[in-house]
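# Topology and contacts: notes
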Amino acid sequence: MADSPKSSTDAAADSLAEFADREALKYQSFELADGQKTEGHDRSYLNDVIFSDDLTGKRVLDIGCFLGFFCVESARRGALATGIEPDRECARQAAEITRLQGLDAEIICGDFETLDFGEDRFDVILCLNVLHHMYDAIGAVRKMMALCDERIVIEFAAPNMRDLITGRQSPLAVALNTLPVVMLGSPKRGYDALSRTHMFTGKAMRVLFNSMSNAFEPLEITRSPFKGRLLLHARKRKISHLAVVVGPTSSGKSTLFGKLKDDPAMRARFGLNGGTWHGIHGHDIDLPGGRVDGAIVHYDLLRPYRRSIRTFDRDPRNDLMAVADKVTVITLMPPLKVLKERLIKNELSGFNLKSRKRQKHILKRYEDPGFLKSWYGQWFEFTDGFGDRIVGNHVYVSHGDTETIVPAADWQALFDRQSV
Ligand SMILES: C[S@@+](CC[C@H](N)C(=O)[O-])C[C@H]1O[C@@H](n2cnc3c(N)ncnc32)[C@H](O)[C@@H]1O
(Lines give C-alpha, C1' and ligand atoms only; values in the text may rest on other atoms or scores of the structure.)
Protein backbone atom coordinates (compact mmCIF):
# COMPACT_ATOMS: atom_id res chain seq x y z
CA MET A 1 0.00 0.00 0.00
CA ALA A 2 1.28 3.39 -0.94
CA ASP A 3 2.12 5.77 1.89
CA SER A 4 -0.63 8.28 2.52
CA PRO A 5 0.49 11.85 1.79
CA LYS A 6 1.70 13.69 4.88
CA SER A 7 -0.24 16.69 6.12
CA SER A 8 1.72 19.93 6.20
CA THR A 9 1.76 19.73 10.02
CA ASP A 10 3.32 16.25 9.91
CA ALA A 11 5.87 17.42 7.40
CA ALA A 12 6.77 20.39 9.59
CA ALA A 13 7.02 18.16 12.64
CA ASP A 14 9.24 15.74 10.77
CA SER A 15 11.54 18.49 9.74
CA LEU A 16 11.56 19.85 13.28
CA ALA A 17 12.65 16.40 14.50
CA GLU A 18 15.44 16.36 11.91
CA PHE A 19 16.42 19.91 12.72
CA ALA A 20 16.48 19.23 16.48
CA ASP A 21 18.59 16.16 15.89
CA ARG A 22 20.96 17.78 13.45
CA GLU A 23 21.56 20.86 15.61
CA ALA A 24 21.55 18.92 18.91
CA LEU A 25 18.96 21.30 20.37
CA LYS A 26 18.71 21.47 24.14
CA TYR A 27 17.12 23.37 27.05
CA GLN A 28 13.61 23.87 25.63
CA SER A 29 11.88 20.66 24.62
CA PHE A 30 9.36 20.69 21.74
CA GLU A 31 6.64 18.13 21.25
CA LEU A 32 6.64 16.40 17.89
CA ALA A 33 3.59 15.16 15.99
CA ASP A 34 4.16 11.55 17.10
CA GLY A 35 4.10 12.59 20.77
CA GLN A 36 7.89 12.31 21.08
CA LYS A 37 9.75 15.24 22.57
CA THR A 38 12.99 16.86 21.57
CA GLU A 39 15.70 16.96 24.20
CA GLY A 40 15.52 19.57 26.97
CA HIS A 41 13.31 20.85 29.76
CA ASP A 42 9.58 20.63 29.42
CA ARG A 43 8.69 24.34 29.74
CA SER A 44 4.99 23.77 29.05
CA TYR A 45 4.10 23.91 32.77
CA LEU A 46 4.11 27.70 32.34
CA ASN A 47 1.46 27.66 29.63
CA ASP A 48 -1.45 27.79 32.09
CA VAL A 49 -0.12 30.95 33.72
CA ILE A 50 1.08 32.72 30.61
CA PHE A 51 -1.80 31.85 28.38
CA SER A 52 -4.64 32.22 30.90
CA ASP A 53 -6.14 35.11 28.88
CA ASP A 54 -7.10 35.16 25.22
CA LEU A 55 -3.99 36.09 23.23
CA THR A 56 -5.61 36.67 19.85
CA GLY A 57 -4.03 39.72 18.28
CA LYS A 58 -1.99 40.52 21.41
CA ARG A 59 1.62 41.69 21.11
CA VAL A 60 3.79 39.31 23.12
CA LEU A 61 7.45 40.00 23.87
CA ASP A 62 9.54 37.02 24.99
CA ILE A 63 12.82 38.27 26.47
CA GLY A 64 15.62 35.70 26.22
CA CYS A 65 13.53 33.44 24.01
CA PHE A 66 16.28 30.80 23.55
CA LEU A 67 14.79 28.38 20.97
CA GLY A 68 11.54 30.32 20.85
CA PHE A 69 9.34 27.85 22.74
CA PHE A 70 7.10 30.60 24.13
CA CYS A 71 7.09 32.51 20.83
CA VAL A 72 5.75 29.34 19.20
CA GLU A 73 3.14 28.85 21.94
CA SER A 74 2.07 32.51 21.69
CA ALA A 75 1.85 32.46 17.89
CA ARG A 76 -0.21 29.27 18.06
CA ARG A 77 -2.71 31.18 20.18
CA GLY A 78 -3.00 33.98 17.63
CA ALA A 79 -0.55 36.43 19.22
CA LEU A 80 1.94 38.63 17.38
CA ALA A 81 5.04 37.23 19.02
CA THR A 82 8.45 38.87 19.21
CA GLY A 83 11.42 37.06 20.76
CA ILE A 84 14.72 38.70 21.74
CA GLU A 85 17.80 36.61 22.04
CA PRO A 86 21.42 37.85 22.18
CA ASP A 87 22.88 34.47 21.26
CA ARG A 88 23.09 34.43 17.47
CA GLU A 89 22.87 30.68 17.13
CA CYS A 90 19.82 30.47 19.41
CA ALA A 91 18.15 33.36 17.55
CA ARG A 92 18.73 31.61 14.22
CA GLN A 93 17.41 28.33 15.62
CA ALA A 94 14.34 30.05 17.12
CA ALA A 95 13.54 31.66 13.77
CA GLU A 96 13.95 28.31 12.01
CA ILE A 97 11.83 26.39 14.53
CA THR A 98 9.02 28.94 14.25
CA ARG A 99 9.17 28.68 10.45
CA LEU A 100 9.20 24.88 10.56
CA GLN A 101 6.05 24.95 12.68
CA GLY A 102 4.37 27.09 10.02
CA LEU A 103 4.09 30.02 12.42
CA ASP A 104 4.95 33.66 12.22
CA ALA A 105 7.06 35.31 14.92
CA GLU A 106 9.67 38.01 14.82
CA ILE A 107 12.96 36.94 16.36
CA ILE A 108 15.33 39.80 17.11
CA CYS A 109 18.96 38.99 17.78
CA GLY A 110 19.76 41.53 20.47
CA ASP A 111 20.13 42.43 24.12
CA PHE A 112 16.98 43.56 25.91
CA GLU A 113 18.98 45.83 28.21
CA THR A 114 20.36 47.96 25.38
CA LEU A 115 17.73 47.55 22.67
CA ASP A 116 15.83 50.76 21.84
CA PHE A 117 12.16 49.90 21.36
CA GLY A 118 11.20 53.33 20.05
CA GLU A 119 7.42 53.61 20.11
CA ASP A 120 6.84 49.83 20.33
CA ARG A 121 4.73 48.52 23.19
CA PHE A 122 3.62 45.03 24.20
CA ASP A 123 0.49 43.62 25.81
CA VAL A 124 2.27 40.68 27.42
CA ILE A 125 5.96 40.54 28.37
CA LEU A 126 7.65 37.28 29.32
CA CYS A 127 11.00 37.19 31.06
CA LEU A 128 11.52 33.60 32.05
CA ASN A 129 14.76 32.62 33.75
CA VAL A 130 16.58 35.54 32.19
CA LEU A 131 16.70 38.29 34.81
CA HIS A 132 19.60 36.74 36.68
CA HIS A 133 21.65 36.89 33.49
CA MET A 134 21.40 40.67 33.18
CA TYR A 135 23.77 43.43 34.31
CA ASP A 136 21.09 45.86 35.41
CA ALA A 137 18.22 43.66 36.49
CA ILE A 138 16.24 46.39 38.28
CA GLY A 139 16.60 48.65 35.23
CA ALA A 140 15.40 45.77 33.06
CA VAL A 141 12.31 45.26 35.25
CA ARG A 142 11.51 48.98 35.06
CA LYS A 143 11.98 48.87 31.29
CA MET A 144 9.50 45.98 31.10
CA MET A 145 7.05 47.94 33.26
CA ALA A 146 7.28 50.90 30.89
CA LEU A 147 6.87 48.78 27.74
CA CYS A 148 3.94 46.73 29.03
CA ASP A 149 0.26 47.46 28.46
CA GLU A 150 -1.30 44.43 30.17
CA ARG A 151 0.78 41.74 31.86
CA ILE A 152 4.32 40.79 32.81
CA VAL A 153 5.35 37.26 33.73
CA ILE A 154 8.80 36.83 35.29
CA GLU A 155 10.29 33.55 36.40
CA PHE A 156 13.20 34.60 38.59
CA ALA A 157 15.94 33.26 40.81
CA ALA A 158 15.34 33.74 44.53
CA PRO A 159 17.56 32.50 47.34
CA ASN A 160 16.18 29.04 48.14
CA MET A 161 16.84 25.79 50.00
CA ARG A 162 17.82 24.03 46.81
CA ASP A 163 20.74 26.43 46.35
CA LEU A 164 21.64 26.03 49.99
CA ILE A 165 21.83 22.24 49.65
CA THR A 166 23.89 22.43 46.45
CA GLY A 167 26.24 24.93 48.14
CA ARG A 168 25.37 27.77 45.75
CA GLN A 169 23.95 29.96 48.50
CA SER A 170 24.87 30.70 52.08
CA PRO A 171 22.35 30.08 54.89
CA LEU A 172 22.37 33.83 55.47
CA ALA A 173 21.12 34.50 51.93
CA VAL A 174 18.28 32.05 52.42
CA ALA A 175 17.44 33.56 55.81
CA LEU A 176 17.06 36.94 54.10
CA ASN A 177 14.24 35.56 52.01
CA THR A 178 11.57 37.25 54.09
CA LEU A 179 13.06 40.71 53.46
CA PRO A 180 13.01 42.90 50.33
CA VAL A 181 16.51 41.94 49.20
CA VAL A 182 18.27 42.04 45.84
CA MET A 183 21.47 40.04 45.94
CA LEU A 184 24.48 40.17 43.70
CA GLY A 185 26.19 36.93 42.74
CA SER A 186 29.96 36.61 43.18
CA PRO A 187 31.24 35.13 39.95
CA LYS A 188 34.69 33.59 40.28
CA ARG A 189 35.52 33.63 36.59
CA GLY A 190 35.00 36.43 34.07
CA TYR A 191 33.06 34.22 31.71
CA ASP A 192 30.62 33.50 34.51
CA ALA A 193 29.99 37.21 35.00
CA LEU A 194 26.37 36.85 33.99
CA SER A 195 25.63 33.57 35.66
CA ARG A 196 23.20 34.17 38.54
CA THR A 197 24.12 37.82 38.63
CA HIS A 198 21.07 38.85 40.62
CA MET A 199 18.69 37.17 42.98
CA PHE A 200 15.49 38.81 44.12
CA THR A 201 13.28 37.89 47.03
CA GLY A 202 9.52 37.98 46.41
CA LYS A 203 9.30 40.99 48.74
CA ALA A 204 11.89 42.86 46.65
CA MET A 205 9.71 42.33 43.59
CA ARG A 206 6.68 43.64 45.49
CA VAL A 207 8.64 46.80 46.30
CA LEU A 208 9.52 47.28 42.62
CA PHE A 209 6.00 46.66 41.30
CA ASN A 210 3.75 47.85 44.11
CA SER A 211 5.70 50.48 46.09
CA MET A 212 7.97 52.08 43.54
CA SER A 213 5.11 51.93 41.08
CA ASN A 214 1.34 52.28 41.35
CA ALA A 215 0.75 51.10 37.79
CA PHE A 216 0.33 47.42 38.69
CA GLU A 217 -2.20 45.46 40.69
CA PRO A 218 -0.82 43.62 43.75
CA LEU A 219 1.62 41.00 42.44
CA GLU A 220 0.78 37.33 42.37
CA ILE A 221 3.89 35.31 43.26
CA THR A 222 3.93 31.54 43.24
CA ARG A 223 6.63 28.90 43.37
CA SER A 224 7.77 27.59 40.02
CA PRO A 225 8.43 23.86 39.74
CA PHE A 226 11.61 24.79 37.85
CA LYS A 227 14.85 24.91 39.88
CA GLY A 228 13.16 26.45 42.94
CA ARG A 229 12.46 29.65 41.02
CA LEU A 230 9.64 32.07 41.79
CA LEU A 231 7.01 33.05 39.29
CA LEU A 232 5.61 36.54 39.27
CA HIS A 233 2.50 37.68 37.49
CA ALA A 234 1.95 41.45 37.27
CA ARG A 235 -1.18 42.97 35.77
CA LYS A 236 -1.22 46.58 34.74
CA ARG A 237 -4.09 48.58 36.17
CA LYS A 238 -6.77 49.73 33.75
CA ILE A 239 -8.72 52.85 34.62
CA SER A 240 -11.19 54.24 32.10
CA HIS A 241 -11.42 57.71 33.66
CA LEU A 242 -9.26 59.12 36.44
CA ALA A 243 -9.94 62.39 38.25
CA VAL A 244 -7.08 63.97 40.18
CA VAL A 245 -8.03 66.39 42.95
CA VAL A 246 -4.84 68.28 43.64
CA GLY A 247 -3.83 71.17 45.83
CA PRO A 248 -1.58 72.09 48.75
CA THR A 249 -2.46 71.09 52.32
CA SER A 250 -5.57 72.89 53.60
CA SER A 251 -6.72 73.91 50.11
CA GLY A 252 -9.98 71.99 50.57
CA LYS A 253 -9.04 68.77 48.71
CA SER A 254 -10.67 66.40 51.18
CA THR A 255 -13.97 68.29 51.04
CA LEU A 256 -14.08 68.32 47.25
CA PHE A 257 -12.84 64.71 47.09
CA GLY A 258 -15.70 63.62 49.40
CA LYS A 259 -18.30 65.51 47.37
CA LEU A 260 -17.07 64.06 44.07
CA LYS A 261 -17.07 60.55 45.50
CA ASP A 262 -20.57 60.76 46.93
CA ASP A 263 -22.44 63.07 44.59
CA PRO A 264 -22.98 62.21 40.90
CA ALA A 265 -24.27 65.77 40.25
CA MET A 266 -20.98 67.21 41.51
CA ARG A 267 -19.07 64.76 39.31
CA ALA A 268 -21.17 65.73 36.29
CA ARG A 269 -20.02 69.35 36.68
CA PHE A 270 -16.52 68.18 35.84
CA GLY A 271 -17.57 65.73 33.13
CA LEU A 272 -17.09 62.68 35.39
CA ASN A 273 -20.07 60.69 34.25
CA GLY A 274 -21.55 57.20 34.68
CA GLY A 275 -20.09 54.05 36.23
CA THR A 276 -18.74 53.40 39.69
CA TRP A 277 -16.21 55.88 41.07
CA HIS A 278 -13.62 54.67 43.56
CA GLY A 279 -11.69 56.96 45.90
CA ILE A 280 -7.90 56.79 46.36
CA HIS A 281 -6.76 58.68 49.42
CA GLY A 282 -3.74 57.73 51.51
CA HIS A 283 -1.04 55.14 51.12
CA ASP A 284 -2.97 52.09 49.91
CA ILE A 285 -4.70 51.83 46.59
CA ASP A 286 -7.98 50.12 47.23
CA LEU A 287 -9.12 49.30 43.71
CA PRO A 288 -10.67 46.05 42.51
CA GLY A 289 -8.71 43.98 39.97
CA GLY A 290 -9.37 44.35 36.26
CA ARG A 291 -10.82 47.40 34.51
CA VAL A 292 -12.16 50.15 36.73
CA ASP A 293 -14.66 52.68 35.31
CA GLY A 294 -13.66 55.65 37.39
CA ALA A 295 -11.28 56.61 40.20
CA ILE A 296 -10.74 59.86 42.07
CA VAL A 297 -7.29 60.51 43.53
CA HIS A 298 -6.52 62.88 46.36
CA TYR A 299 -3.10 64.39 45.64
CA ASP A 300 -1.02 66.88 47.60
CA LEU A 301 0.60 69.46 45.34
CA LEU A 302 3.67 69.64 47.58
CA ARG A 303 4.04 65.87 47.96
CA PRO A 304 7.40 65.77 46.14
CA TYR A 305 8.73 68.88 47.94
CA ARG A 306 11.72 68.01 50.18
CA ARG A 307 11.03 64.32 49.68
CA SER A 308 13.10 61.77 47.79
CA ILE A 309 10.70 61.64 44.82
CA ARG A 310 11.48 65.36 44.20
CA THR A 311 9.35 65.73 41.07
CA PHE A 312 5.84 64.83 39.92
CA ASP A 313 7.04 62.42 37.27
CA ARG A 314 9.06 60.43 39.82
CA ASP A 315 6.07 59.98 42.10
CA PRO A 316 4.62 56.44 41.80
CA ARG A 317 1.17 57.81 42.63
CA ASN A 318 1.19 59.63 39.30
CA ASP A 319 1.59 56.30 37.48
CA LEU A 320 -2.18 56.15 37.86
CA MET A 321 -2.43 58.98 35.34
CA ALA A 322 -0.29 56.99 32.93
CA VAL A 323 -2.57 53.92 33.09
CA ALA A 324 -5.84 55.86 32.69
CA ASP A 325 -7.51 56.21 29.30
CA LYS A 326 -8.87 59.64 30.23
CA VAL A 327 -7.74 62.04 32.96
CA THR A 328 -9.53 65.02 34.46
CA VAL A 329 -7.43 67.31 36.63
CA ILE A 330 -9.05 69.56 39.23
CA THR A 331 -6.49 71.83 40.83
CA LEU A 332 -7.48 73.72 43.95
CA MET A 333 -6.11 77.23 44.23
CA PRO A 334 -7.45 79.17 47.20
CA PRO A 335 -6.19 82.75 47.73
CA LEU A 336 -2.80 82.56 49.42
CA LYS A 337 -4.06 84.47 52.46
CA VAL A 338 -6.91 81.97 52.96
CA LEU A 339 -4.55 79.04 52.51
CA LYS A 340 -2.23 80.37 55.20
CA GLU A 341 -5.10 80.98 57.64
CA ARG A 342 -6.46 77.46 57.09
CA LEU A 343 -3.03 75.92 57.46
CA ILE A 344 -2.52 77.62 60.82
CA LYS A 345 -5.98 76.59 62.01
CA ASN A 346 -6.09 73.00 60.70
CA GLU A 347 -2.58 71.71 60.61
CA LEU A 348 -0.36 73.48 63.05
CA SER A 349 -2.35 72.27 66.03
CA GLY A 350 -2.28 68.61 64.98
CA PHE A 351 -0.79 65.81 67.09
CA ASN A 352 1.59 64.53 64.44
CA LEU A 353 4.82 66.32 65.29
CA LYS A 354 6.59 65.46 62.06
CA SER A 355 3.73 66.73 59.96
CA ARG A 356 3.44 69.86 62.13
CA LYS A 357 7.12 70.60 61.57
CA ARG A 358 6.72 70.20 57.83
CA GLN A 359 3.64 72.43 57.67
CA LYS A 360 5.38 75.08 59.78
CA HIS A 361 8.24 75.07 57.30
CA ILE A 362 5.82 75.29 54.35
CA LEU A 363 4.00 78.21 55.97
CA LYS A 364 7.30 80.04 56.13
CA ARG A 365 7.91 79.36 52.45
CA TYR A 366 4.48 80.84 51.62
CA GLU A 367 5.87 84.25 52.59
CA ASP A 368 7.34 84.17 49.10
CA PRO A 369 4.38 83.72 46.69
CA GLY A 370 6.89 82.61 44.05
CA PHE A 371 7.39 79.37 45.99
CA LEU A 372 3.84 78.09 45.58
CA LYS A 373 3.57 79.56 42.10
CA SER A 374 6.58 77.54 41.03
CA TRP A 375 4.93 74.31 42.27
CA TYR A 376 1.68 75.08 40.46
CA GLY A 377 3.76 75.81 37.37
CA GLN A 378 5.58 72.47 37.62
CA TRP A 379 2.25 70.71 38.08
CA PHE A 380 0.65 72.19 34.96
CA GLU A 381 3.80 71.50 32.96
CA PHE A 382 3.61 67.90 34.16
CA THR A 383 -0.08 67.49 33.29
CA ASP A 384 0.54 69.01 29.83
CA GLY A 385 2.81 66.03 29.17
CA PHE A 386 -0.26 63.76 29.12
CA GLY A 387 -1.51 65.47 25.95
CA ASP A 388 -4.93 64.41 24.67
CA ARG A 389 -5.43 62.01 27.55
CA ILE A 390 -6.29 65.06 29.68
CA VAL A 391 -9.98 65.57 28.88
CA GLY A 392 -10.51 68.28 31.49
CA ASN A 393 -8.04 70.56 33.25
CA HIS A 394 -9.76 72.88 35.71
CA VAL A 395 -8.73 75.23 38.46
CA TYR A 396 -11.22 75.28 41.31
CA VAL A 397 -11.54 78.00 43.91
CA SER A 398 -14.01 77.66 46.75
CA HIS A 399 -14.22 80.25 49.49
CA GLY A 400 -17.27 80.60 51.69
CA ASP A 401 -20.27 80.36 49.40
CA THR A 402 -18.40 81.37 46.28
CA GLU A 403 -17.10 78.81 43.87
CA THR A 404 -15.14 79.50 40.70
CA ILE A 405 -13.96 77.08 38.03
CA VAL A 406 -11.54 78.38 35.43
CA PRO A 407 -9.59 76.59 32.69
CA ALA A 408 -6.07 75.55 33.73
CA ALA A 409 -4.67 77.67 30.90
CA ASP A 410 -5.65 80.76 32.96
CA TRP A 411 -4.02 79.65 36.22
CA GLN A 412 -1.20 82.21 36.31
CA ALA A 413 -3.46 85.24 36.10
CA LEU A 414 -5.71 83.73 38.78
CA PHE A 415 -2.77 82.96 41.04
CA ASP A 416 -1.30 86.47 40.69
CA ARG A 417 -4.70 88.08 41.36
CA GLN A 418 -5.20 85.96 44.46
CA SER A 419 -1.75 86.30 46.00
CA VAL A 420 -1.81 90.09 46.45
C1 LIG B 1 18.09 30.21 30.96
S2 LIG B 1 17.67 30.71 29.37
C3 LIG B 1 15.92 30.85 29.47
C4 LIG B 1 15.24 30.62 28.14
C5 LIG B 1 13.74 30.83 28.12
N6 LIG B 1 13.36 32.15 28.47
C7 LIG B 1 13.03 29.84 28.98
O8 LIG B 1 12.61 30.17 30.08
O9 LIG B 1 12.84 28.71 28.55
C10 LIG B 1 18.20 32.41 29.39
C11 LIG B 1 18.16 33.06 28.03
O12 LIG B 1 18.21 34.46 28.19
C13 LIG B 1 19.06 34.99 27.21
N14 LIG B 1 19.53 36.32 27.69
C15 LIG B 1 20.48 36.58 28.60
N16 LIG B 1 20.64 37.91 28.75
C17 LIG B 1 19.75 38.50 27.92
C18 LIG B 1 19.45 39.85 27.63
N19 LIG B 1 20.11 40.86 28.19
N20 LIG B 1 18.48 40.11 26.71
C21 LIG B 1 17.81 39.09 26.13
N22 LIG B 1 18.07 37.80 26.38
C23 LIG B 1 19.03 37.50 27.25
C24 LIG B 1 20.13 33.94 27.08
O25 LIG B 1 20.86 34.06 25.88
C26 LIG B 1 19.31 32.68 27.14
O27 LIG B 1 18.81 32.32 25.90
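Since the model is a prediction, treat every value here as computed from it, not as a measurement. Counting restarts for each chain: residues are numbered from 1 in the order of the written sequence. Only residues with pLDDT of 70 or above have their local features reported here, since the model is predicted, and side-chain atom pairs are shown and tallied only from 80 upward, although totals for entire chains, interfaces and linings are computed over all residues.

### Some thoughts on the sheet that holds strand S14 (residues 390-399)
Stated formally: By this definition, two strands are paired if DSSP reports at least two bridges between them. Strands are runs of DSSP state E lasting at least 2 residues, helices are runs of H or I lasting at least 4, and numbering of each runs from the N terminus. Lines fitted to the C-alpha atoms define the axes, with helices restricted to the stretch that makes contact. Angles between their N-to-C directions range from 0 to 180 degrees.
Across the sheet, which stays open at both edges, the 6 strands sit in the order S11-S12-S10-S13-S14-S15 with mixed pairing between neighbours. Two strands lie at the open edges of the sheet, namely strand S11 (277-280) and strand S15 (402-407), each paired on one side alone. Taking the axes of each pair of neighbouring strands and ignoring which way they run, one obtains an average angle of 20° across the sheet.

### Re the sheet that holds strand S1 (residues 59-63)
Selection criterion: Residue pairs are scored as contacts if the distance between their C-beta atoms, which are placed from the backbone, is within 7 Å.
Across the sheet, 7 strands lie side by side as S3-S2-S1-S4-S5-S9-S8; this open sheet has mixed pairing. The open sheet has two edge strands, strand S3 (105-108) and strand S8 (220-223), and neither has a second partner. Across the sheet, the mean angle separating the axes of adjacent strands is 15° when strand polarity is ignored. Most of the contacts of helix H4 (residues 88-100) go to S3, to which it runs at about 170°, and overall it touches strand S2 (80-84) and S3.

### A look at the nonpolar core
Under the convention used in this document: A set of buried Ala, Val, Leu, Ile, Met, Phe, Trp, Tyr and Cys residues, joined to one another through C-beta atoms within 7 Å, is what we call a nonpolar core. Exposure classification rests on a simple neighbour count of other C-beta atoms within 10 Å of a residue's own: a residue reaching 20 or more is buried, one at 12 or fewer is exposed, and one in between is partly exposed. C-beta atoms are placed from the backbone.
With 62 residues, the main nonpolar core has Cys 71, Ala 94, Ile 125, Leu 126 and Cys 127 as its most contacted residues. For Leu 126, the contacting residues outside a window of four places in its chain are Ile 50, Val 60, Leu 61, Asp 62, Ile 63, Phe 70 and Val 153. Leu 272, Ala 295, Val 395 and Ala 408 belong to the second largest nonpolar core, which has 35 residues in total.

### Some points on the pairing of strand S9 (residues 230-235)
Two elements, strand S5 (residues 148-156) and S9, share 6 bridges in a ladder whose sense is antiparallel. If you follow Ile 152 over to S9, its bridge partner there is Ala 234. Where S8 meets S9, 4 bridges bridge the pair, whose relative direction is antiparallel. Residue pairing in the sheet places Thr 222 in a bridge with Leu 231 of S9. Between S8 and S9, which pair antiparallel in sequence order, lie 6 residues; one of them, Lys 227, sits at a positive phi of approximately 50°.

### Things to note about helix H9 (residues 253-262)
Cut-off, in case you're wondering: An arc is given here, and it is the one of the directions from the helix axis to the C-beta atoms.
Those residues of H9 that fall on the buried side of the exposure criterion are Lys 253, Leu 256, Phe 257 and Leu 260. Burial along H9 is one-sided: seen end-on, the buried residues are contained in an arc of 105°. Opposite its buried face, H9 presents the exposed residues Thr 255 and Asp 262, each directed more than 90 degrees away.

### Description of the domain arrangement of the protein
Many authors give the size of an interface as the accessible area that is lost as the parts come together. Which entries qualify depends on this criterion: These domain boundaries are the output of an automatic or database domain assignment. Any residue that is not Ala, Val, Leu, Ile, Met, Phe, Trp, Tyr, Cys, Pro, Asp, Glu, Lys or Arg is counted as polar, Gly included; the first ten are nonpolar and the last four charged.
The assigned domain composition of the protein is domain 1 (9-235) and domain 2 (238-418). Computed from C-alpha atoms alone, the centre-to-centre distance between domain 1 and domain 2 is 40 Å. At the junction of the two partners, domain 1 supplies 5 residues and domain 2 supplies 8 residues. Residue composition of the side of domain 1 that touches domain 2, grouped by class: 2 nonpolar, 2 polar and 1 charged.

### Section: the confidence of the model for the protein
Which entries qualify depends on this criterion: Per residue, pLDDT captures the predictor's confidence, and it can take any value from 0 to 100.
Of all residues in the protein, 97% attain a pLDDT of 70 or more, and the chain-wide mean is 93. With pLDDT under 50 throughout, residues 1-5 is counted as low confidence; its partners more than four residues away or in other chains account for 0 contacts.

### What about the packing of helix H12 (residues 336-347) against helix H13 (residues 353-365)?
Spelled out, the test is: Our angle categories are set so that under 35 degrees counts as roughly parallel, over 145 as roughly antiparallel, 65 to 115 as roughly perpendicular, and the remainder as oblique. With the far helix as reference, a near helix turned anticlockwise by less than a right angle produces a left-handed crossing, and one turned clockwise produces a right-handed crossing.
Here H12 crosses H13 at 165°, and the two axes come no closer than 11 Å. It follows from the interaxial angle that H12 and H13 lie roughly antiparallel. At the point where H12 passes H13, the crossing takes the left-handed sense. Together, Lys 340, Leu 343, Ile 344 and Glu 347 of H12 and Arg 356, Gln 359 and Leu 363 of H13 make up the contact between the two elements. Here the contact of H12 with H13 is composed, by residue class, of 3 nonpolar, 1 polar and 3 charged.

### Some points on the environment of Gly 110
Within the fold, Gly 110 resides in the loop between S3 and strand S4 (122-128). Through-space distance from the C-alpha of Gly 110 to that of Ile 63 is 9.7 Å; in sequence the pair is 47 residues apart. Those residues in contact with Gly 110 that lie beyond four places of it in its chain are Ile 84, Pro 86 and Leu 115.

### A short note on unusual backbone geometry
Positive phi, close to 50°, is recorded for Ala 24, a residue that is not glycine. As for its placement among the helices and strands, Ala 24 is situated in the loop between helix H1 (8-22) and helix H2 (47-50). The exposure class of Ala 24 is exposed, given the 8 C-beta atoms found within 10 Å. In the Ramachandran plot, Arg 306 falls in the positive-phi region, its phi being about 60° despite a non-glycine side chain. Mapped onto the elements, Arg 306 comes out in the loop between strand S12 (291-300) and helix H11 (319-323).

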